[in-house]
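Structural characterization, general
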Amino acid sequence: MLLLISPDGVEEALDCAKAAEHLDIVDVKKPDEGSLGANFPWVIREIRDVVPADKPVSATVGDVPYKPGTVAQAALGAVVSGATYIKVGLYGCTTPDQAVDVMRGVVRAVKEYRPDALVVASGYADAHRIGCVNPLALPDIALRSGSDAAMLDTAVKDGTRLFDHVSPEVCAEFVGRAHEADLLAALAGSVKVGDLGALTRIGTDIVGVRGAVCEGGDRNTGRIQPKLVAAFRAEMDRLAREHTAAVTAAG
């Protein structure tokens, strides 16, 4: 399981750089523009410059409307600015066909510029609160559009968490559908250390966090702490070892 950390700007990205040995992906977003709010191109470039070269940078292109051309152009801007994971929050798509339409444009825009970049179709565990596509539709949307990964986050950052909206069993179905389609499965949404056991058991490929590695556990007022990143990763690795041992013993 890969660990994705979301700093709120260049200063926090420097803190991520200090903890680089404990994380896998540095994620660029702008939380005050939404759950998957897009940051400025120059911020992506600056963060790319301060993060070790062997650590990929991801960037969100926003909680996007159903405007395929607009979103494709935004996605190209993100990859040109140095991101290699391009995440699209399908906020304004009310049907799977609309979501596929958006993501096909993104895939073409991104892959024509950088074929090795990874495109992530992102939906929301609390989709019922905003009227967008069902979480379990995301793997098929990603498959049909040629995306590389399917992701769930939460749209409304009001203290509720991933598992408050979709159970571990539903998340397991999401991951299973993604893997059947040969896609990466990513899960986020106020994930805490206590959620790692379930995320490990269901085979999550990427876990995204912010609050769990911020001072005081507060994603809004706390700052990312390298020691908390290290502790979070240590627990991830411990649970992974235990899970592997259990599977081996059972097999």
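Presented here is an overview of the structure given in this document.

Cut-offs applied
- Residues numbered from 1 in each chain as written.
- Predicted model: local features only at pLDDT ≥ 70, side-chain atom pairs only at ≥ 80, totals over all residues.
- Heavy atoms only, no water.
- Helix = DSSP H or I, 4+ residues; strand = E, 2+ residues; numbered from the N terminus.
- Buried < 20%, exposed > 50% of the residue type's maximum accessible area, 1.4 Å probe, protein only.
- Pairing = 2+ DSSP bridges.
- Right-handed = clockwise from strand over helix to strand, strands pointing away.
- Phe/Tyr/Trp six-rings, centres within 6.5 Å; stacked < 30°, edge-to-face > 60°.
- Polar contact = N/O pair within 3.5 Å; in protein donor to acceptor, adjacent residues only side chain to side chain.
- Contact = heavy atoms within 4.5 Å.
- Axes fitted to C-alpha atoms, helices over the stretch in contact; angles between N-to-C directions.

We now examine the environment of Arg-45. Checked against the element boundaries, Arg-45 lands in helix 2 (residues 41–50). Judged by its relative accessible area of 42%, Arg-45 falls in the partly exposed class. Sequence separation between Arg-45 and Glu-235 is 190 residues, and the spatial gap between their C-alpha atoms is 31 Å.

This part takes up the pairing of strand 1 (residues 2–5). Pairing geometry for strand 1 and strand 8 (residues 206–209), over 4 bridges, is parallel. Along strand 8, the bridge assignment pairs Leu-2 with Ile-206. Relative to strand 2 (residues 25–28), strand 1 runs parallel, the two being bridged by 2 bridges. Bridge pairing in strand 2 places Leu-4 opposite Ile-25. Of the crossover connections in this fold, the one passing from strand 1 over helix 1 (residues 10–18) to the parallel strand 2 is right-handed.

We now examine the packing of aromatic side chains. Per the stated rule, a full pass over the model turns up 2 aromatic pairs. Measuring from centroid to centroid gives 4.7 Å for Phe-40 and Trp-42, while their planes differ by 5°, and the two rings are stacked. Classification of Trp-42 by relative accessible area gives partly exposed; the value is 44%. Centre to centre, the rings of Tyr-91 and Tyr-124 are 5.8 Å apart; their planes meet at 85°, and the pair counts as edge-to-face. You can see Tyr-91 sitting in the loop between strand 4 (85–89) and helix 4 (96–113) and its partner Tyr-124 sitting in strand 5 (residues 118–124), a full 33 residues away along the chain.

The subject of this paragraph is the side chain of Lys-29. Secondary-structure assignment places Lys-29 in the loop between strand 2 and helix 2. Taking the relative accessible area as the measure of exposure, Lys-29 reaches 7% and is therefore buried. Looking at Lys-29, its side chain comes within polar contact range of the main-chain oxygen of Ser-35, at 3.4 Å. Discounting residues that sit within four places of it in the chain, Lys-29 has contacts with Ser-6, Pro-7, Ser-35, Leu-36, Gly-37, Asn-39, Thr-60, Lys-87 and Asp-153.

The next thing to look at is the sheet that holds strand 6 (residues 149–153). As summarised here, the arrangement of the 8 strands in space is 1-2-3-4-5-6-7-8, forming a closed barrel in which the pairing is parallel. Neighbour-to-neighbour, the strand axes of the sheet open up by a mean angle of 25°, direction not taken into account. Two elements, strand 2 and strand 3 (residues 57–63), share 3 bridges in a ladder whose sense is parallel. In the strand pairing of strand 3, Asp-27 is matched with Ser-58. Packed onto the sheet, helix 2 meets strand 2 and strand 3 and runs at close to 160° relative to strand 2. Where helix 3 (residues 68–80) meets the sheet, it contacts strand 3 and strand 4, and its direction lies at approximately 160° from that of strand 3.

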